[in-house]
Amino acid sequence: SQQGEEDPQALSIQEGENATMNCSYKTSINNLQWYRQNSGRGLVHLILIRSNEREKHSGRLRVTLDTSKKSSSLLITASRAADTASYFCAPFNAGNNRKLIWGLGTSLAVNP
Amino acid sequence: GAVVSQHPSWVICKSGTSVKIECRSLDFQATTMFWYRQFPKQSLMLMATSNEGSKATYEQGVEKDKFLINHASLTLSTLTVTSAHPEDSSFYICSARVERVSYNEQFFGPGTRLTVL
């Protein structure tokens, strides 16, 4: 299985602080994607990092990937209350029938 | 990104009735759509892969006769929960896949909350 496992399961911070979430997986990957899910809503694609990349930025998001440790991290800087959501990582291997397998996610609460 | 819609947004039905949920890709064609179920504070669980013009592929443990999937066109897939029971109450989310050269990007619908009384 190439399920991603997020850590921590829940995180509560104050507005303006940085939030870091981690993802571990078990098999080789072609890329890894991070998604956000607001309560009761579908998932929104945030960022994709390929297996030959180590770091990627998108606005206030910074993603790192360490393929030797089979782990990735998502950093949200200067968090806002609107960042409150669940965050999921999805490791992807083209050989696995192109399915994304999901972990439980990290539930982030940003307090105003 | 591409837009995926679901209809209805929520539905409440009596036990024993059937409920149909639609998933549409609004501005692109999707040969493959996925149906997920999500229970409170749980992750998304893939139920089935819907392929346009062919039978759906169901994940282990998902009853194909209970969850009927029809992908009749490149922009529409439907999930019918037949003879619904209270334990079928859940949040159902569909996604449509866009094939890129080396990765798979999915666009998700807003979800349908099903409550079976």
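Now for a quick tour of the structure.

1. Overview of the overall build of chain B
A tally of helices and strands in chain B yields zero helices and 11 strands. Listed by position from the N terminus, the elements making up chain B come as β-β-β-β-β-β-β-β-β-β-β. At 14 Å, chain B has a C-alpha radius of gyration in line with the 13 Å of a compact globule built from 117 residues. With the C-alpha coordinates of chain B rotated into their principal frame, the extents come out at 45 × 25 × 25 Å. Burial analysis of chain B (117 residues in total) assigns 51% to the buried set. Contacts in chain B between residues far apart in sequence, at least 24 positions, make up 54% of those at least 6 positions apart. Carbon and sulfur atoms make up 53% of the accessible area of chain B, which totals about 5,800 Å².

2. Some points on the interface of chain B and chain A
Where the parts come together, the accessible area they lose is often given as the size of the interface. Each partner contributes to the interface: chain B provides 23 residues, whereas chain A provides 21 residues. For the pair chain B and chain A, the two sides together bury roughly 1,700 Å², of which 51% comes from carbon and sulfur. Run the count over chain B and chain A and you get zero salt bridges. Where chain B touches chain A, the interface holds two residue pairs in polar contact (both at pLDDT 80 or more). Those elements that provide at least two residues to the side of chain B that touches chain A are β4 (32-38), β5 (45-51), β9 (90-99) and β10 (104-108) of chain B. Looking at side-chain class alone, the side of chain B that touches chain A contains nine nonpolar, eight polar and six charged residues.

3. Notes on the state of the cysteines
Residues and elements named next belong to chain A. Considering all chains together, one arrives at two disulfides over all chains under this definition. What pairs with Cys23 in a disulfide is Cys89, and their sulfur atoms sit 2.0 Å apart. Looking down the S-S bond of the Cys23 and Cys89 bridge, the torsion is 65 degrees, so its handedness is right-handed. Placement of the pair is Cys23 in strand β3 (residues 19-24) and Cys89 in strand β9 (residues 85-92), with a sequence separation of 66 residues.

4. Remarks on the pattern of salt bridges
If the charged atoms of two oppositely charged side chains come close together, the side chains can form a pair. Enumeration over the complete set of coordinates arrives at five salt bridges over all chains. Here Glu53 of chain A and Lys56 of chain A are joined by a salt bridge, their closest N and O atoms 3.9 Å apart. Of the residues examined, Glu53 of chain A reaches a relative accessible area of 23% and is grouped as partly exposed. A salt bridge links Asp88 of chain B to Lys66 of chain B; its shortest N-O distance comes to 2.9 Å. In this pair, Asp88 of chain B is assigned in the loop between β8 (76-81) and β9 and Lys66 of chain B in the loop between β6 (57-58) and β7 (67-73), connecting sequence segments 22 residues apart.

5. Comments concerning the sheet that holds strand β3 (residues 19-25) of chain B
Hydrogen bonding along the main chain pairs the strands of a sheet, whether they run parallel or antiparallel. Residues and elements named next belong to chain B. Sheet architecture is open: four strands sit in the order β1-β3-β8-β7, paired in antiparallel fashion. Two strands lie at the open edges of the sheet, namely β1 (4-7) and β7, each paired on one side alone. Across the sheet, the axes of successive neighbouring strands diverge by a mean angle of 15 degrees, strand direction being ignored. Here β3 runs beside β8; their pairing, made up of six bridges, is antiparallel. The residue of β8 that forms the bridge with Ile21 is Leu79.

6. So, the packing of aromatic side chains
Considering all chains together, one arrives at five aromatic pairs over all chains under this definition. Taking 5.8 Å as the distance between ring centres and 40 degrees as the angle between the ring planes, the aromatic pair formed by Tyr36 of chain B and Phe108 of chain B counts as tilted. A residue pair is termed long-range when its members are at least 10 positions apart, and Tyr36 of chain B in strand β4 and Phe108 of chain B in strand β10 qualify at 72 residues. A relative accessible area of 1% places Tyr36 of chain B in the buried class. Given a relative accessible area of 9%, Phe108 of chain B falls into the buried group. Of the aromatic side chains, those joined through ring pairs into one cluster are Tyr35 of chain A together with Phe34, Tyr36 and Phe108 of chain B. Lys66 of chain B extends its terminal NZ or CZ atom over the ring of Phe67 of chain B, reaching a point 6.0 Å from the ring centre.

The rules behind the values
Residues numbered from 1 in each chain as written. Chains lettered and ligands numbered in written order. Predicted model: local features only at pLDDT ≥ 70, side-chain atom pairs only at ≥ 80, totals over all residues. Heavy atoms only, no water. Helix = DSSP H or I, 4+ residues; strand = E, 2+ residues; numbered from the N terminus. Rg over C-alpha atoms; globule rule 2.2 N^0.38 Å. Buried < 20%, exposed > 50% of the residue type's maximum accessible area, 1.4 Å probe, protein only. Contact = heavy atoms within 4.5 Å. Areas by Shrake-Rupley, 256 points an atom, 1.4 Å probe, with all protein chains shown as cover. Buried area = accessible area lost by both parts, 1.4 Å probe. Salt bridge = Lys/Arg side-chain N within 4 Å of Asp/Glu carboxyl O. Polar contact = N/O pair within 3.5 Å; in protein donor to acceptor, adjacent residues only side chain to side chain. Nonpolar A, V, L, I, M, F, W, Y, C, P; charged D, E, K, R; others polar. Disulfide = S-S within 2.5 Å. Pairing = 2+ DSSP bridges. Axes fitted to C-alpha atoms, helices over the stretch in contact; angles between N-to-C directions. Phe/Tyr/Trp six-rings, centres within 6.5 Å; stacked < 30°, edge-to-face > 60°. Lys NZ or Arg CZ within 6 Å of the ring centre and 35° of its normal.

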